[in-house]
Amino acid sequence: MLLVIGGAFQGKLDTASHLSGIPKEKFLDGRSCPFEEVFRGSGIHHFEEYIRRWIKEGKNTEELTERLKKENPAIVVVMREVGYGIVPMDAFERDFRERTGRVGCELARTAGKVVRVICGIGTVIKND
């Protein structure tokens, strides 16, 4: 698994496409792709929004990470870092941020490579 993380509008998808060789248009869009597609696709961007949708469906995020690691261990995951800034007043948003952070931590633990992108520059923070 390749995990590409960073803030909004930092060039994560460009970096993921360059590193993986997967054209940007082939990445699933986590904001709208069918839930089961992530377990078969080669790459997904906006993964944090996929997690948001998953939570809103009442699904377990631990199940998501376990299934993803088992069923699609070679996927390229592009994920915005959501844990910075002011803590939201809304209970769902706080829960979403915490659960998304935990998913990111688990994926980073098992990923072969983790790259953080800032200003379009990817910095490798893990490379097994």
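We now turn to the structure provided with this report.

### What to know about the nonpolar core
In step 1: Of all hydrophobic cores here, the largest spans 25 residues; its most connected members are I44, F47, Y50, L68 and V77.
In step 2: For this core, the secondary-structure elements that each account for two or more residues are β1 (2–6), α2 (47–56), α3 (61–71), β4 (76–80) and α4 (91–110).
In step 3: Counting residues per element, this core draws most heavily on α2, at 5 residues.
In step 4: Grouped together as the second largest cluster of nonpolar side chains are 9 residues, A16, I22, F27 and V117 included.

### Looking at α3
In step 1: Looking at α3, one finds that the buried residues are T61, L64, T65, R67, L68 and K69.
In step 2: Its buried side turned inward, α3 meets α2, β4 and α4.
In step 3: Where α3 begins, one side-chain oxygen reaches toward the backbone nitrogen of E62, 2.6 Å away; that side chain belongs to N60.

### Description of the packing of α2 against α4
In step 1: Between α2 and α4, the least distance of the axes is 10 Å, while the angle of their chain directions is 120°. It follows from the interaxial angle that α2 and α4 lie oblique. Regarding α2 and α4, the two cross each other, and that crossing is right-handed. Side by side, α2 and α4 meet where F47, E48, I51, R52, I55 and K56 of the first sit next to F92, E93, D95, F96, R99, T100, V103 and L107 of the second.
In step 2: In the contact of α2 with α4, the residues fall into 7 nonpolar, 1 polar and 6 charged.

### Digging into the packing of α2 against α3
In step 1: Taken N-terminus to C-terminus, the directions of α2 and α3 make an angle of 130°; their axes are 10 Å apart at the nearest point. Considered as vectors, α2 and α3 are oriented oblique to each other. For the crossing formed where α2 meets α3, the hand is right-handed. Of α3, the residues touching α2 (which contributes F47, Y50, I51, W54 and I55) are T61, E63, L64 and L68.
In step 2: In terms of residue class, the contact of α2 with α3 is built from 7 nonpolar, 1 polar and 1 charged.

### Thoughts on the side chain of R97
In step 1: As for its position among the elements, R97 is in helix α4.
In step 2: Nearest to the buried, unbridged R97 among oppositely charged side chains is E93, at 7.0 Å.
In step 3: Here I86 takes part through its backbone oxygen, which lies 2.8 Å from a polar atom of the side chain of R97.
In step 4: R97 has contacts with V82, G83, Y84, G85, I86, V87 and P88, leaving out every residue within four places of it along the chain.

### Observations regarding the packing of aromatic side chains
In step 1: Evaluation of the coordinates by the stated rule reveals 6 aromatic pairs.
In step 2: Taking 5.7 Å as the distance between ring centres and 80° as the angle between the ring planes, the aromatic pair formed by F35 and W54 counts as edge-to-face. One end of the pair, F35, is in the loop between β2 (28–29) and β3 (43–45); the other, W54, is in helix α2, and 19 residues separate them in sequence.
In step 3: Arranged with centres 5.9 Å apart and planes meeting at 25°, the rings of Y50 and W54 form a pair that is stacked. Of the two residues, Y50 and W54 are both situated in helix α2; the distance of 4 residues between them amounts to about one turn of the helix. Across the pair, W54 and Y50 agree in class, each one buried.
In step 4: Joined through ring pairs, the aromatic side chains of F35, F39, F47, Y50 and W54 make up one cluster.
In step 5: Stacked on the ring of F96, the Lys or Arg R52 has its end atom at 4.0 Å from the ring centre.
In step 6: Over the aromatic face of F35 sits the side chain of K59, whose NZ or CZ is 4.2 Å from the ring centroid.

Calculation criteria
- Counting restarts for each chain: residues are numbered from 1 in the order of the written sequence.
- pLDDT decides what is reported in this predicted model: residues at 70 or higher carry local features, side-chain atom pairs at 80 or more are listed and counted, and totals for whole chains, interfaces and linings draw on all residues regardless.
- In computing side-chain values, all of the structure's heavy atoms are included and hydrogens and water are not.
- To form a nonpolar core, buried Ala, Val, Leu, Ile, Met, Phe, Trp, Tyr and Cys residues must be joined to one another through side-chain atoms within 4.5 Å.
- Working definition: with a 1.4 Å probe on protein chains only, accessible area under 20% of the residue-type maximum means buried, over 50% means exposed, and in between means partly exposed.
- Elements are defined by DSSP. Helices are runs of H or I of four residues or more, strands are runs of E of two residues or more, and each kind is numbered from the N terminus.
- What makes two residues a contact is simply this: any of their non-hydrogen atoms within 4.5 Å.
- The term polar contact refers here to a pair of N or O atoms within 3.5 Å; inside protein, the definition further demands a hydrogen-donor-capable atom paired with an acceptor-capable atom, and it admits residues adjacent in sequence only when both atoms are side-chain atoms.
- All axes here are fitted lines through C-alpha atoms, helices being fitted over the stretch that makes contact, and every angle between N-to-C directions spans 0 to 180 degrees.
- Oblique is the label for any angle not covered by the other classes, which are roughly parallel (under 35 degrees), roughly antiparallel (over 145) and roughly perpendicular (65 to 115).
- Helix crossings fall into two classes, left-handed where the near helix is turned counterclockwise from the far one by less than a right angle and right-handed where it is turned clockwise.
- When residue character is reported, Ala, Val, Leu, Ile, Met, Phe, Trp, Tyr, Cys and Pro are called nonpolar, Asp, Glu, Lys and Arg charged, and the others, Gly included, polar.
- Positive charges come from Lys and Arg, negative ones from Asp and Glu, while His and the chain ends are left out of the count.
- One speaks of a salt bridge when a side-chain nitrogen belonging to Lys or Arg is within 4 Å of a carboxyl oxygen belonging to Asp or Glu.
- Note on aromatic pairs: the rings of Phe, Tyr and Trp (six-membered ring only in Trp) are paired at centre separations within 6.5 Å, and the planes decide the class, stacked below 30 degrees, edge-to-face beyond 60, tilted for the rest.
- Two conditions define a charge located above a ring, namely a distance within 6 Å from the ring centre to NZ of Lys or CZ of Arg, and an angle within 35 degrees of the ring normal.

Note that all results are geometric; they support no functional claim without further evidence.
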